[in-house]
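# Per-entry structural report
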Amino acid sequence: MDLETAIRTRRTHKAYRPEPVERELLGELFELAAWAPNHHLTNPWRFRVIGPEALEALKAAAGPEAAPKLDRAPTLVVCSAVVCGSEPEDTEDLLATGCAAYIVLLAAHGRGLAGYWRTPGVMREPAGRAAVGLPDDERFVGLLYLGRPVQEQRPPDRSSPVDTVTFLP
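Read on for an overview of the structure. (Residues numbered from 1 in each chain as written. Predicted model: local features only at pLDDT ≥ 70, side-chain atom pairs only at ≥ 80, totals over all residues. Heavy atoms only, no water.)

Of all hydrophobic cores here, the largest spans 22 residues; its most connected members are Val-21, Leu-26, Leu-29, Val-104, Leu-113, Leu-144 and Leu-146. Elements represented by at least two residues in this core include exactly helix H2 (23-33), strand E2 (75-82), helix H4 (89-110) and strand E4 (138-147). (Core = buried A, V, L, I, M, F, W, Y, C linked by side-chain atoms within 4.5 Å. Buried < 20%, exposed > 50% of the residue type's maximum accessible area, 1.4 Å probe, protein only. Helix = DSSP H or I, 4+ residues; strand = E, 2+ residues; numbered from the N terminus.)

Okay, structure coming up:
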């Protein structure tokens, strides 16, 4: 799949087949994420693949209303950025981590997988952070859902660049 096709056809999926993504394939995705642009090559991103025990702890922290959404995909990956408490470094590292997360989603799509980027509230709560081993010096960026899709998603209409781009003199 060429890059433009991957960008235009990647969609958010909320229904997956039950088999988890293989560790070797996840390794490929994380290796590609390491190519995200990052100021001074700080490599601020951290990925944690959630296992069964961590998932149960996260679901308990989320509570009965939010827990079922954590069962949507067979593979969940916590994406976070190491922060040092100094601006603009933390902003740069946070944005670099967002790029790395998107590379994971785009590379997964290129390999026939589906993905979904969520930012559930439980990940900003002490119990949710503890459930996945997220230390105080890391800022939560996203919970990436990965797996094989059950159905194909159609791309939505997109706005024209004329609505979002300004050329300055």
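There is more to say after this.
Every buried residue of helix H3 (residues 52-62) is accounted for by Leu-55, Leu-58 and Lys-59. Angularly, the buried residues of H3 cover 100° about the axis, an arc narrow enough to put them on a single face. Turned more than 90 degrees away from the buried face of H3 sit Glu-53 and Ala-60, all of them exposed. Positive backbone phi, approximately 90°, marks Gly-63, located one or two places after H3. (Arc of directions from axis to C-beta.)

This brings us to the packing of aromatic side chains. With the rule as written, the count across this model stands at two aromatic pairs. Taken together, a centroid distance of 4.9 Å and an interplanar angle of 20° make the contact between Phe-30 and Phe-47 stacked. Of the two residues, Phe-30 sits in helix H2 while Phe-47 sits in strand E1 (residues 45-49), which places them 17 residues apart along the sequence. (Phe/Tyr/Trp six-rings, centres within 6.5 Å; stacked < 30°, edge-to-face > 60°.)

Moving on, we get to the sheet that holds E2. An order of E1-E2-E4-E3 is seen for the four strands of this open sheet, with the pairing classed as antiparallel. Pairing within the sheet leaves two strands with one partner each, and these edge strands are E1 and strand E3 (114-118). Direction aside, the axes of adjacent strands within the sheet are offset by 25° on average. Pairing analysis gives five bridges linking E3 to E4, with the strands arranged antiparallel. Of the residues in E4, the one forming a bridge with Tyr-116 is Tyr-145. Of the strands in this sheet, E1, E2, E3 and E4 touch H4, which is tilted by about 5° from E4. (Pairing = 2+ DSSP bridges. Axes fitted to C-alpha atoms, helices over the stretch in contact; angles between N-to-C directions. Contact = heavy atoms within 4.5 Å.)

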